[in-house]
Amino acid sequence: MAVEYVCLRVSPVYWGFGIPRGDGSAVVVIPGLMGTDLYLSELRAWLGRIGYRPYYSGIGLNAECPNLLIRQRLTSVIEQARRETGRRVHLVGHSLGGLLARAAASQMPSVVASVTTLGAPFRGVAAHPSVLRVAEWVREQIHLRHGSGVLPTCYTGACTCEFLEAIQGDIPARVRQTAIYTKSDGIVDWRVCLTGNAAVDVEVSATHLGLAFSPVVYDVLSQRLAGRRGARLTRRRCA
């Protein structure tokens, strides 16, 4: 992450040079597993500088049943962003936050304009053993808190909730997609972070956490939020 952050602060992209300006649309930024909105402050601040209206996800600590997070918290933030801007909303999700973003986009296509994932394993559970242990602890805590209020298979790949159905299905064509991934992720298997569509998938060079601070990611994000699609590229670490 240190490399990406240093590159970010000296990059012209960070200051808004050489990239498309935003149109005032809302962008809801969603944190990953065990993360909060706090660590994505740099990304939100940048989005504001280039002309978008960034929103906190409002989900608190991402250590809860995803179905409940979407229904009880994220949906209301997306709807608020739509009301306040009068435009369809962009969603950007890092890691597990990308799964929440894709599920919300699938469930709310009339409200969501685009969904961008940063190292999000939406095609299967394939992660570092330490991450899987944390996920198991989160699952246990969910069942302790909610008991029969959640499905027995909550927070597993076998769950049959609306969240799993949404991320396993196709996102409606009216919602633009971008899946940013890195082969040097180190936390999740990059192969489960792709759609398989070269027009959607973008490879960058970064670490998993560094995806939230990479100037190359910010460059790609500025292009995709503006509706620009280029050929599939392997991007450099710094720009």
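So, here's what we can say about the structure. Just so it is clear, the structure is predicted and the values come from calculations on it, not from any experiment.

When helices and strands are tallied, the protein chain shows seven helices and six strands. Relative to its length of 239 residues, the protein chain is compact, with a C-alpha radius of gyration of 17 Å against a globular reference of 18 Å. Taking all 239 residues of the protein chain together, the buried fraction comes to 51%. Put simply, of all contacts in the protein chain between residues at least 6 apart along the chain, 70% involve residues at least 24 apart.

Before going further, it helps to spend a moment on helix H4 (residues 96–107). In a regular helix each residue adds 1.5 Å, so 12 residues correspond to 16 Å; H4 covers 17 Å between its end C-alpha atoms and thus fits that length. By the criterion of burial, H4 is predominantly enclosed, with 10 of the 12 residues buried. Contacts from the buried residues of H4 go to strand S1 (26–30), helix H3 (66–85), strand S3 (89–94), strand S4 (112–118), helix H6 (162–168) and strand S5 (176–181).

Let us now look at the packing of H3 against H4. In helix packing, the relevant descriptors are the interaxial angle and the interaxial distance, both defined with respect to the helix axes. As a packed pair, H3 and H4 sit with axes 11 Å apart at the nearest point and diverge in direction by 65°. Between H3 and H4, the interaxial angle falls into the category roughly perpendicular. The crossing of H3 and H4 is right-handed. Side by side, H3 and H4 meet where Pro-66, Leu-69, Ile-70, Leu-74 and Ile-78 of the first sit next to Leu-100, Ala-103, Ala-104 and Gln-107 of the second. Tallied by class, residues from the contact of H3 with H4 come to eight nonpolar, one polar and no charged.

It is worth spelling out unusual backbone geometry at this point. One non-glycine residue with positive phi stands out, namely Ser-95, at about 55°. Looking at the secondary structure, you find Ser-95 in the loop between S3 and H4. What makes Ser-95 buried here is its relative accessible area of 11%. Of note, the phi angle at Tyr-155 is positive, near 70°, even though the residue is not glycine. With respect to the helices and strands, Tyr-155 occurs in the loop between helix H5 (129–146) and H6.

Moving on, we get to the environment of Gly-97. Tracing the chain through its elements places Gly-97 in helix H4. Looking at Gly-97, the relative accessible area reads 0%, which means it is buried. Along the primary structure Gly-97 and Ala-198 are separated by 101 residues, whereas in three dimensions their C-alpha atoms are 22 Å apart. If near-sequence neighbours (up to four positions away) are discounted, Gly-97 is found in contact with Ile-30, Pro-31, Gly-32 and Asn-62.

The rules we used
Position numbers for residues start from 1 in each chain and track the written sequence from start to end. It should be noted that, the model being predicted, local features are given only for residues of pLDDT at least 70 and side-chain atom pairs only at 80 or more, the latter also being counted only at that level, while totals for whole chains, interfaces and linings use all residues. Side-chain calculation: all heavy atoms of the structure are included, whereas hydrogens and water are not. Only runs of H or I of at least four residues qualify as helices and only runs of E of at least two qualify as strands under DSSP, and these elements are numbered from the N terminus. All radius of gyration figures rest on C-alpha atoms, and the globule criterion is 2.2 Å times the number of residues raised to 0.38. Buried means the residue's accessible area, taken with a 1.4 Å probe over protein chains only, is under 20% of the maximum for its type, while exposed means over 50%, and partly exposed covers the values in between. We call two residues in contact when some of their heavy atoms are within 4.5 Å. A helix is expected to span 1.5 Å for every residue after the first. To get an axis, a line is fitted to the C-alpha atoms, and for a helix only the part in contact is used. The angle between two axes follows their N-to-C directions and goes from 0 to 180 degrees. When an angle is under 35 degrees it counts as roughly parallel; over 145 it counts as roughly antiparallel; between 65 and 115 it counts as roughly perpendicular; any other value is oblique. Two helices that cross are described as forming a left-handed crossing if the nearer one is turned anticlockwise from the farther one by less than a right angle, and a right-handed crossing if clockwise. The classification used treats Ala, Val, Leu, Ile, Met, Phe, Trp, Tyr, Cys and Pro as nonpolar, Asp, Glu, Lys and Arg as charged, and all other residues, Gly among them, as polar.

Geometric values such as these leave the question of function open.
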